[in-house]
Amino acid sequence: MTTGFPKNFMWGGAVAANQCEGAYLEGGKGINATDVLVGIIAEGTHPSIKWNEETKRYEPCYNPDKVYLSHDAVDFYHRYKEDLELMAGMGFNAFRTSISWARIFPNGDEVEPNEEGLKFYDDLFSEMRRLGMEPVITLSHYETPLHLLTEYGGWANEKMIDFWLRYVETVFTRYKDLVKCWLTFNEINNLFRIPFAAGAMLDINPSDVNEPISGLTIKQKYQGAHYVFVANAKTVELCHKIIPDAQIGCMLSLSHIVSYPYSCNPEDVFGAMQFQRNHYLWSDVMCRGEYPAYIHRIWEENNCKPIIKEGDLEVIKNNPCQFIAFSYYMSAVFKDGVGMAAGTGGAKGAKNPYLTMYSPEPWTWPVDPKGLRYLCNVLTDRYRLPLFIVENGIGLDDQANENGEYIDTFRMEYIKMHLSEIKEAIHDGCDIMGYLYWGPFDIVSAGTGEMKKRYGFVHIDRNNDGTGTLKRTKKKSYEYYKKVIASNGEDL
Ligand code: BG6
C-alpha cells in the first residue's frame, strides 16, 4: 500500500502552445483554429471566418473591434528560456506543453514539414531537459491548421487521419530522443461541446453560411469522433514503433465525470449516469479498446451510427492508451434532466448546495477537492490504468498590492486542498503519475480569451486590451509550490 507521493512523482505545470507562444505568424507557422477565435467557449461557435462565395471556402476575417490576445500571447516563443528557468526555480521535474501543428505543417496537407517549426521545438524540448524537466507533450491542443477545417471540414472528413498521421510520424521521428511522454488530443471529449476548437470540425457545405459549426449534425459528430478514435489508436501504434520506450496516453476533460445526482430521485441518479457516459465514451474506446454497450442504443435512436470500416475496430482494440491524463477543475450536479455545465468560463445550471463557489464572477465555479479523489477512484475502478493529473488550477484576477506583490492566498489554498485529496487517492490505491498545475505562469485563457483571468505562480504584465510590458514577477504562490515540490508533497 502506498501512502504519500511516490518518489518518481512528476511535479510541474502545463500550458498549451496557442495560449502562451504568440508569434502566430512567425517561423513559417500557418493559421490554426484558435487563431480565429477570441475565446473557445465565449465564441466557439462563431469563429472569425467568412464565406467567400467565389472560392466556396471560409477565410479568416478578423474583427477589428476585438483583441486576439493569443496572437502574441505572452511571447513564450521568444522568452521560453526565461520562463523555463523560472519553472526550474520551483523544482519542476516535468513540464507540459503542446506542439502547434501549424508550425510543423502550416496548412496541414503539405508533404514536407516546416523545418523552422521543427527546430523551434528541438530547442524548446532540449532546454526543458537541460533544466531537468521531463517534456510531457500534447500532440493537439486546439491547434489544428485552419486550412484543414476550411478545405476538408476537419475531423468530419476521413482524410484527416492521413494528414494527422503524417504530422505525428514527423514529430515522433524528430523528437524520439527528447520526448518520452506523449498525450494525443487535449480534452477530446469536448468534441461535441466545442466542435470548432476541440473537435476541429466545420461544415464546409453549410445550408446557412453564418452557422458553419451549429450546422454540424449529430451523425457528423459521431463520425468525426470515430475518425479521431482510429487516429488515436494509430498514433499509439506509431509511438510504440518509433519510440518503444515512450509512454502515450489520452487526455480528457473530466470535471464532467464528477456530475453528482442532485437528489436520490432515481431520475437524477440515472440521468447523471447517462450524462457521465457522454464523457466516459472517450476513455472507454481509447483505453478499453472497444465501443461500450450503451453506445448502440444512442446511435440507433438518433440515427447517428458512424461508418466503421473493416479493420477500424481491430486497430482500436489493439492499441489502447497506456494511461489516462486529464484536467479537473470543479464538479457539477445533474438535476431535472439537465447537467450543470462545468466550465472554466463560468459554471451554469443547478448549484451544489454543499460546495463553495469560488473565483470571481463571471468565471465562478464550485471548488470540490473531494471530487478529485472521487474521480481518481472511479477511473481506477473502471480502467485499472495509471492516471496523470495534467491540469488543475484556479483562475483569479490577481492584483498587486501597494508594494507591488501578488499575494494569491486562495491559489495556495486551492492547491493544498487538491493535493491533500490526491494523497488520499494514492492511499486508496490509485496509481497517479504526477500533478501538473495548469498555467504556472500567466497565459491567455482558452475559454474566454482573456489575460485578466490568471492561473500563474508568475505574473505576466499583459492586459485584456493587449497592453503590458510582458514583465515576469513571482507571486506568493511561487514559494509555496516550490516548498510543496521540495518536500515531495509532504509539506502542504
Ligand atoms: C482546459 C484547457 O479546459 O482548461 C486549457 O485544456 C484551458 O486550454 C484550461 O486554458 C483553463 O480554462 P480557461 O478557460 O480558464 O483558460
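Residues numbered from 1 in each chain as written. Predicted model: local features only at pLDDT ≥ 70, side-chain atom pairs only at ≥ 80, totals over all residues. Heavy atoms only, no water.

## Some points on the environment of Glu59
To be explicit about the condition: The helix count covers DSSP runs of H or I at least four residues long, the strand count covers runs of E at least two residues long, and both are numbered beginning at the N terminus.
Here Glu59 lies in strand E3 (residues 57-60). With 18 residues separating them along the chain, Glu59 and Ile41 place their C-alpha atoms 21 Å apart.

## Examining the packing of aromatic side chains
Put simply, the rule is: Each Phe, Tyr or Trp ring, with Trp reduced to its six-membered ring, pairs with another whose centre is within 6.5 Å; inter-plane angles below 30 degrees give stacked pairs, above 60 give edge-to-face pairs, and intermediate values give tilted ones. Each residue is assigned to one of three classes by its accessible area relative to the maximum for its type, calculated with a 1.4 Å probe on protein chains only: buried under 20%, partly exposed between the two thresholds, exposed over 50%.
In total, this model carries 39 aromatic pairs according to the counting rule given. Look at Phe172 and Trp182: their rings are 4.9 Å apart centre to centre, the planes differ by 75°, and that puts the pair in the edge-to-face class. One end of the pair, Phe172, is in helix H6 (residues 159-174); the other, Trp182, is in strand E6 (residues 181-185), with ten residues separating them in the sequence. Residue classification places Trp182 among the buried residues on the basis of a relative accessible area of 0%. When the ring of Tyr437 is compared with that of Phe457, the centres are 4.5 Å apart and the planes differ by 35°; the resulting orientation is tilted. In this pair, Tyr437 is assigned in strand E15 (residues 432-438) and Phe457 in the loop between E15 and strand E16 (458-460), connecting sequence segments 20 residues apart. The exposure classification of Tyr437 matches that of Phe457, with both residues buried. Here a set of aromatic residues connected by ring pairs shows up, and it is made of Phe76, Tyr77, Tyr80, Phe95, Phe120, Tyr121, Phe125, Tyr175 and Phe441.

## Some points on empty space enclosed by the protein
How we decide: In this analysis the probe radius is 1.4 Å and the grid spacing 1 Å, with only protein atoms considered; a cavity is a set of points the probe fits into but cannot get out of, a pocket is an open set with protein on both sides within 12 Å along at least five of seven lines, and lining residues have an atom within 4 Å of a point. Grid points are joined across faces, edges and corners, and a volume is the space filled by probe spheres set on the points. Classification convention: Asp, Glu, Lys, Arg as charged; Ala, Val, Leu, Ile, Met, Phe, Trp, Tyr, Cys, Pro as nonpolar; all other residues, Gly among them, as polar.
Scanning all chains against the criterion turns up four cavities of 30 Å³ or more. Counted as a void, the largest cavity has a volume near 330 Å³. If you trace the largest cavity, you find 28 residues lining it, with Glu187, Tyr329, Thr344, Glu391 and Ala446 closest to the centre. Classifying every residue of the lining of the largest cavity gives twelve nonpolar, twelve polar and four charged. Its residues assigned to classes, the lining of the second largest cavity shows five nonpolar, six polar and no charged.

## Some remarks on the sheet that holds strand E10 (residues 332-335)
Going by this rule: Should DSSP find at least two bridges between two strands, the strands are taken to pair. Two residues qualify as a contact provided that any one of their heavy atoms is within 4.5 Å of a heavy atom in the partner residue. Only the contacting stretch of a helix is used when fitting its axis, a line to C-alpha atoms as for every element, and angles between N-to-C directions run 0 to 180 degrees.
Read from one edge to the other, the open sheet built from three strands follows the order E8-E10-E11, with strand pairing classed as mixed. Across the chains shown, the open sheet's two edge strands, defined by having one partner strand only, are strand E8 (259-261) and strand E11 (338-339). Where E8 lies against E10, three bridges are found, and the strand directions are parallel. What sits directly across from Pro261, in E10, is Phe334. Most of the contacts of helix H8 (residues 266-288) go to E8, to which it runs at about 160°, and overall it touches E8, E10 and E11.

## Comments concerning the nonpolar core
Condition: Only buried residues count toward a nonpolar core. Its members are Ala, Val, Leu, Ile, Met, Phe, Trp, Tyr and Cys residues joined through side-chain atoms within 4.5 Å.
In terms of nonpolar packing, the biggest core is built from 166 residues, with Trp155, Tyr175, Trp182, Phe326 and Phe441 touching the most fellow members. The leading source of residues in this core is helix H7 (residues 218-242), at twelve residues. Residues within four places of Phe326 in sequence aside, it is in contact with Met251, Leu252, Leu254, Leu372, Leu375, Cys376, Leu379, Leu387, Phe388, Ile389, Val390 and Glu391.

## A look at the pairing of E3
Where a strand is regular, its side chains alternate between the two sheet faces. One ladder, built from four bridges, connects strand E2 (residues 49-52) with E3; its direction is antiparallel. Pairing of Lys50 across the sheet is with Glu59, part of E3. Between E2 and the antiparallel strand that follows it, E3, lie four residues; Lys56 among them carries a positive phi value of about 55°.

## Section: the layout of surface pockets
Here the second largest pocket defines a volume of roughly 210 Å³. Along the walls of the second largest pocket sit Phe270, Gln274, Arg277, Asn278, Tyr294, Arg297, Ile298, Glu301 and Asn302, which together make up its complete lining. Looking at the lining of the second largest pocket, the elements with two or more residues in it are H8 and helix H9 (295-302). When its residues are assigned to classes, the lining of the second largest pocket shows three nonpolar, three polar and three charged.

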